[in-house]
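# Structural description and commentary
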Amino acid sequence: MHYKAVLWLALFSQPAFSFVHISQLKPRLPVSPQNPTLTFVWNGDAPELTEKGEVLDGNFADSSDQDLMAALLTTAMNTWTNVPTAYIILILDQNNAAHIDEHDETFSIVVESQESEAVAAAALPSFITTDPDPSDTENNTHIIHDCDISVSSSSVSAKSLLRTLVHELGHCLGLGHPHSSYRSIMSYSTLDESASLALDDKAGVSFLYPEPGQSEDVQYLTTCGVVGGGAGGAGLWLAVPLLVIGWRRFSKVSR
Ligand SMILES: [Zn+2]
């Protein structure tokens, strides 16, 4: 059998991987391997949190809503920061003056009442500016120059909010809703209540912010050709280098 047919079969006999961008422009946050840090400023408020013992090994079971909220935000950010094949680092800062403003190029997290009770949180990634006096960053449609996250002040379980925060941060990173996967934390709906990332999510953040030390492996495999259509097709290819990198690490350890 032709080697391409073998490769094709090998790929498609696996579960389908995919991620999608928030826009065909594939915008990403204004970071680089040299300046990998992006800071979110939280206004310090928290919704009433229930079932506090269900998250973070129960360490915050008796903590205040604010203390647990800070821990949930940090945990959600670390979830993306800790993807080994992506260089981006998300940091939490706190300032009572944090507010929603798509023109201030400040990434804010604000707890406030929502128009709809069904909304637990919403992210507002801005990459096409309406600022009458735009900066160079705002004029670049491939850069997400602002992304505020509005969190509902309504009562919510800590576990549910943690998953929601990871999901909304994924939008700020530049990821959209995949329509062909229920495993991704970026999916509309899921069978999984955990706040951990699926392979699709790791592939997405690694595509947008590839760790330079591992990009040789990524480039080697991503130049093979195009599989699948649209923006999501790249996810399939990124999944392969992730597996290769994982295998290489494993093989180093086991030597
Ligand atoms: Zn969403």
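Our subject is the structure listed above.
Keep in mind it's a predicted model, so treat the numbers as computed, not measured.

Reading the values: rules and limits
Residues numbered from 1 in each chain as written. Predicted model: local features only at pLDDT ≥ 70, side-chain atom pairs only at ≥ 80, totals over all residues. Helix = DSSP H or I, 4+ residues; strand = E, 2+ residues; numbered from the N terminus. Buried ≥ 20, exposed ≤ 12 C-beta atoms within 10 Å, placed from the backbone. Pairing = 2+ DSSP bridges. Axes fitted to C-alpha atoms, helices over the stretch in contact; angles between N-to-C directions. Contact = placed C-beta atoms within 7 Å. Expected span 1.5 Å × (residues − 1).

### As for unusual backbone geometry
With a phi angle near 50°, E51 is a residue other than glycine that sits in the positive phi range. One non-glycine residue, E105, lies in the positive phi region at around 55°. The residue E105 is located in the loop between β3 (89–94) and β4 (107–112) in this model. E105 gets classed as partly exposed once you count the C-beta atoms within 10 Å, which come to 15.

### Describing the sheet that holds strand β1 (residues 37–42)
The strand order across the open sheet formed by five strands is β3-β1-β4-β6-β5, and the pairing between neighbours is mixed. Each of the sheet's edge strands pairs with one partner strand only, and the pair in question is β3 and β5 (121–126). Averaged over all adjacent pairs, the angle separating strand axes in this sheet is 20°, with direction ignored. Two strands pair when backbone bridges link them, and β5 and strand β6 (residues 146–152) are joined in this way by six bridges, in the antiparallel orientation. Note on β6: the bridge partner recorded for A121 is V151. Strand contacts of helix α4 (residues 158–173): β3, β4, β5 and β6, with the helix running at about 10° to β5, the strand carrying the most contacts.

### So, helix α2 (residues 65–81)
A turn of α-helix holds 3.6 residues, and therefore any two residues three or four places apart point the same way. Along its 17 residues, α2 runs 24 Å from first to last C-alpha, staying within 8% of the 24 Å computed at 1.5 Å per residue. Where α2 is concerned, the buried positions are L68, M69, L72, L73, A76, M77, T79 and W80. The elements touched by buried residues of α2 are β1, β2 (49–50), β3, β4, α4 and α5 (199–208).

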